[in-house]
Amino acid sequence: MNQIERLKGHCERIYGRNVSSPSDFAELSLKIRKATGRDISVSTLKRIWGYVSYPHSTSNEILSILSAYAGYRDWHDFINATSITDSSDFIGADIVKSSELLAGNRLQVGWKPDRICVLEYLGASKFKVIEAQNSKLIEGDVISCAVIAKGEPMICHEVTREGKLMAQGYIAGKTDGIISFQIIK
């Protein structure tokens, strides 16, 4: 997970829940102003969280305001403080465990830059790819994956294509992690 994703996770813990709707962004903007005395617009928060597309990087000033909200002096303080204990972390609440799904459940998963897969749960931690957009996975592939967590890479320990083992592993969202998922059935 990159540092910005980690910072977003810290902010969501302070906020008390995942930030995922227009009202969440508006409320978070107000809470940031109240906690730090500094403003971040709703549209800027939406860009940082990937709710709307934005091809440019986030400024250090904005990252410093978010860092202050998360309890750090500024962006550099956040990086220094979190890099020391960076090798382990708890996974946030936005998680799907395959053991809690029923066969036939469908899950839409997205990762940067524009990858989307619809997966149908088969049981025993296996998913069939029903739809794939801009992914190395293709329709019909069967992947094995126990946990899918927002902000973390999706690690599949096996990929089967046309009944044959194609790969011993596959990582979706290797750099920025999974940015969206939802159970659609």
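Residues numbered from 1 in each chain as written. Predicted model: local features only at pLDDT ≥ 70, side-chain atom pairs only at ≥ 80, totals over all residues. Heavy atoms only, no water.

With 13 residues, helix 1 (residues 3-15) should reach 18 Å at 1.5 Å per residue; the first-to-last C-alpha distance of 18 Å fits that figure. Counted residue by residue, helix 1 has 10 buried out of 13 residues, so it is predominantly covered. Capping the start of helix 1, Asn 2 holds a side-chain oxygen 3.0 Å from the backbone nitrogen of Ile 4, two or three residues further along. (Helix = DSSP H or I, 4+ residues; strand = E, 2+ residues; numbered from the N terminus. Expected span 1.5 Å × (residues − 1). Buried < 20%, exposed > 50% of the residue type's maximum accessible area, 1.4 Å probe, protein only. Polar contact = N/O pair within 3.5 Å; in protein donor to acceptor, adjacent residues only side chain to side chain.)

The biggest cluster of nonpolar side chains holds 22 residues, and the ones touching the most others in it are Val 109, Leu 119, Phe 127, Ile 143, Ile 148, Met 154 and Ile 178. Residue assignment for this core shows that the elements contributing at least two residues are strand 2 (106-111), strand 3 (115-123), strand 4 (126-133), strand 7 (154-156), strand 10 (170-172) and strand 11 (178-183). For Val 109, the contacting residues outside a window of four places in its chain are Arg 115, Ile 116, Cys 117, Leu 119, Ile 148, Met 154, Ile 178, Ser 180 and Phe 181. In terms of nonpolar packing, the next biggest core, distinct from the first, is built from 19 residues, Leu 7, Cys 11, Leu 45 and Tyr 69 among them. (Core = buried A, V, L, I, M, F, W, Y, C linked by side-chain atoms within 4.5 Å. Contact = heavy atoms within 4.5 Å.)

Attention shifts here to the side chain of Asp 24. You can see Asp 24 is positioned in helix 2 (residues 22-36). Of note is the side chain of Asp 24, whose polar atom sits 3.1 Å from the side chain of Arg 17. Not counting residues up to four positions away in its chain, the partners in contact with Asp 24 are Tyr 15, Arg 17, Asn 18 and Val 19.

The antiparallel open sheet is built from 7 strands, whose spatial order is 9-8-5-4-3-2-11. In this open sheet, the two edge strands, each paired with only one partner strand, are strand 9 (164-167) and strand 11. In this sheet, adjacent strand axes meet at a mean angle of 30° when their direction is disregarded. Examined bridge by bridge, strand 3 and strand 4 share 7 bridges and lie antiparallel to one another. Residue pairing for strand 4: Tyr 121 is matched across the bridge by Phe 127. (Pairing = 2+ DSSP bridges. Axes fitted to C-alpha atoms, helices over the stretch in contact; angles between N-to-C directions.)

Another point: unusual backbone geometry. Lys 112 connects to Pro 113 through a cis peptide bond whose omega is 5°. For Pro 113, the position within the fold is in the loop between strand 2 and strand 3. The backbone of Ser 125 shows a phi angle near 65°, a positive value even though the residue is not glycine. In this structure, Ser 125 sits in the loop between strand 3 and strand 4. The phi dihedral of Asn 134 is positive, around 60°, even though this residue is not glycine. When you line up the elements, Asn 134 lands in the loop between strand 4 and strand 5 (142-144).

Pairing analysis gives 3 bridges linking strand 5 to strand 8 (residues 158-161), with the strands arranged antiparallel. When the bridges of strand 8 are listed, Ser 144 appears paired with Glu 158. The sheet contact formed by strand 8 and strand 9 spans 3 bridges and is antiparallel. Along strand 9, the bridge assignment pairs Arg 161 with Lys 164. In textbook terms, the turn of a hairpin is the stretch between consecutive antiparallel strands, and for strand 8 and strand 9 this stretch comprises 2 residues, one of which, Glu 162, has a positive phi near 50°.

Moving on to the packing of helix 2 against helix 4 (residues 60-69). Contact geometry for helix 2 and helix 4: axes closest at 9 Å, N-to-C directions at 75°. Our classification of the angle between helix 2 and helix 4 gives roughly perpendicular. Two secondary-structure elements touch here, helix 2 through Leu 28, Lys 31, Ile 32, Ala 35 and Thr 36 and helix 4 through Ile 65, Leu 66, Ala 68 and Tyr 69. Taken together, the residues that form the contact of helix 2 with helix 4 break down as 7 nonpolar, 1 polar and 1 charged. (Parallel < 35°, antiparallel > 145°, perpendicular 65-115°, else oblique. Nonpolar A, V, L, I, M, F, W, Y, C, P; charged D, E, K, R; others polar.)

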